[in-house]
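# Architecture at a glance
Chain residues, written in single-letter form:
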Amino acid sequence: MSAAARSGDAGSQKPQWMTAAWRVALAVGATLVIVMVMAFLMLPIVALITYQPLHDLVDGFGSSVVTDAILVSLKTNGIAFAIMIVLGTPFAYILARRQFFGRTVVITLVEVPLVMPPAVAGLGLLVAFGRFGLLGHTLTALGIDLAFTQAAVVLAILFVASPFYLRGATAAFEAVDPTLIDVAGTLGAGPVRRLLRVAIPLASGGIGAAAAVAFARGIGEFGATILFAGSFQGVTQTLPLAVYSLFDANLDQAIAIGVLLIIVSAAILLASKLLIRSWTSSISTSSYLDEGSSFVQP
Amino acid sequence: MRTVAGLERPRAGRIALGEEIWCDTERRIHLSPERRRVGYLPQDYGLFPHLDVAANVRFAGKRDRPDLLERLRIAHLAGARPRQLSGGERQRVALARALAREPRVLLLDEPFGALDAVTRRQVRDELADLLTTLRLPTLLVTHAFDDAIVLAERIAVIDRGHLDQLARPRELLRNPATAMVAELTGANVLEGTATPCPTGSTVRLTGGGELISSTPASGPVKIVVQPWELHPADPDSSTVTDEVIKVRHDHGRLVIRLTRFTIQIDLDDNGRHAISEGQPLGLRAEPANVRVLRPQAGNDYDQVS
């Protein structure tokens, strides 16, 4: 074997030390890029967490602004989440199972709020449901005044977060083997029982993960809320809104809220990863995933 | 299968069980699956992976059925998950679950498709016994004719959406209605040209040689002879000859594959035979066993009725 054949270059005569140097340069470059990206992503989080000693952090939670914000966030997100699950799950199921006229259009429309800038979403809600908006007169006639109320917060959260849930839940239902749902029907289960006893358990991990993402989006919702519901402490001022209102006057408290939100987000992320992992293994019928089987016949 | 179960809507047709009409496209009747009492087993059995065996069986009847578990010999598996079970076990669980529904008809879609060759025969024999004791109308879909023979009282052969023949297994062997049915039963099907003769017709085979059939016919035909209806003879005094390719034993008989034919003969008492590969063999058959199929419109061969 000649030297030229070994190096693989027919004509050029690159000395071996240059190829090695190039490889080292690549490795160093790759490491640098990774380090820089990780640093960029992690630095803000680390900075927030280490800004003040733990003692001061906990003190920050004592103020009424913070506790009010926690209550508003809990209540509005809780209600929005409940509505999203109760109404969204059957909707996602139907979307996943049935082929109907205009299905693609519906799916695309459902995802529109995802690509809207949150502030624009808030504007849209205002124009639709505000006193002088599209439905304004009807609502006023019914005695309902939506804008700048706590209900407005719920609506804003629903608007921006539910597409995440619907998208994920629909995908989760689509991943369920349709034969299983069919068989459930032949075994006497009506549509409700098929959804509750077969589809949802089998799609549970995906649904859970989708719910987690939607919840995280809802907790962090700012733009639509501030435009449609305003930032009134104790009524519509959620945690993100409180951060904004606080960070001029009382940076420490703003940071305390920030840390709280980071912890909540991290917990949600972890939960969704674990859910997906346990889900994929639990609904599989292939035997290779189960090693210590004591039931298999010889 | 899915249509009978109610999972698909036919464009046109009628499905009824006795007096009960399940589907009638003309009268716009279509009962949903949950209102038909069917026991449907899809090809991979469709066991619910998130439930254990007992819960799977419980699904239809909403109460435990230890009797069914006993009967299908899966009681010891009650707490197992489907993914822990072997193919034969899964089938029995699926059957128990379907029976818990107290169905009026059983629908088995390729019940042995998911099984390996070794388990297949045993499971098939057990299923045959079970079906006999159940006395439930059962519809079974399979592409393996020997499974159909073992399990069925009557067999419907459907080729490209067309019902070729609906008859008892023996009838399909004796009087296949089309070339497709004949091939399915493992018969020899060969093309030839028939000329009428006093005792029926003489068929000149396309690949050479002649066979005499008791059926009068003329023109292009296909002849059908079952492997055990052909007997080896001296090549020099036979009307048709062929060359042996492979000889194999099958359940105490000899299956000889030749270039154009496959024949079956019984072994002598010592289990020995004098046939060797590459040997030219003469063949003869009773004219009554040389069935003639005439071509029909659409390229299908159908029998003289």
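The rules we used
- Residues numbered from 1 in each chain as written.
- Chains lettered and ligands numbered in written order.
- Predicted model: local features only at pLDDT ≥ 70, side-chain atom pairs only at ≥ 80, totals over all residues.
- Helix = DSSP H or I, 4+ residues; strand = E, 2+ residues; numbered from the N terminus.
- Buried ≥ 20, exposed ≤ 12 C-beta atoms within 10 Å, placed from the backbone.
- Contact = placed C-beta atoms within 7 Å.
- Axes fitted to C-alpha atoms, helices over the stretch in contact; angles between N-to-C directions.
- Left-handed = near helix turned anticlockwise from the far one by under 90°.
- Nonpolar A, V, L, I, M, F, W, Y, C, P; charged D, E, K, R; others polar.
- Core = buried A, V, L, I, M, F, W, Y, C linked by C-beta atoms within 7 Å.
- Parallel < 35°, antiparallel > 145°, perpendicular 65-115°, else oblique.

## Quick word on the environment of Ile158(B)
All names here are of chain B. Among the secondary structure elements, Ile158 is positioned in strand β7 (residues 155–159). Classification of Ile158 by C-beta neighbours within 10 Å gives exposed; the count is 12. Once the C-alpha coordinates of Ile158 and Pro82 are considered, the two residues, 76 residues apart in sequence, prove to be 33 Å apart. Beyond its immediate stretch of four places on either side in the chain, Ile158 contacts Leu163 and Asp164.

## As for the packing of helix α4 (residues 64–97) of chain A against helix α10 (residues 191–219) of chain A
All names here are of chain A. Two elements in contact, α4 and α10, have axes separated by 10 Å at closest approach and are oriented at 140°. Here α4 and α10 pass one another in a crossing that is right-handed. Judged by residue contacts, Ser73, Asn77, Ala80, Phe81, Met84, Ile85, Pro90 and Tyr93 of α4 engage Leu195, Ala199, Ala211, Ala214, Phe215, Gly218 and Ile219 from α10. Considering only residue class, the contact of α4 with α10 consists of twelve nonpolar, three polar and no charged.

## Brief notes about the nonpolar core
If you look at the biggest cluster of nonpolar residues, it comprises 131 residues, and the most contacted ones within it are Ala156(A) and Ala96(B). Among the elements that line this core, the one with the most residues is helix α8 (residues 150–174) of chain A, at 16 residues. If we skip the residues at most four places from it in the chain, Ala156(A) touches Gly122(A), Leu125(A), Glu221(A), Ala224(A), Thr225(A), Phe228(A) and Ala229(A).

## Quick notes on the packing of helix α2 (residues 53–61) of chain B against helix α4 (residues 87–100) of chain B
Residues and elements named next belong to chain B. One can describe the packing of α2 onto α4 by two numbers: an axis separation of 7 Å at closest approach and a directional angle of 25°. It follows that α2 is roughly parallel to α4 by the angle criterion. Crossing of α2 over α4 shows right-handed handedness. In contact with Val53, Asn56, Val57, Phe59, Ala60 and Gly61 of α2, α4 contributes Val93, Ala96, Arg97 and Ala100. Class assignment for the residues of the contact of α2 with α4 results in seven nonpolar, two polar and one charged.

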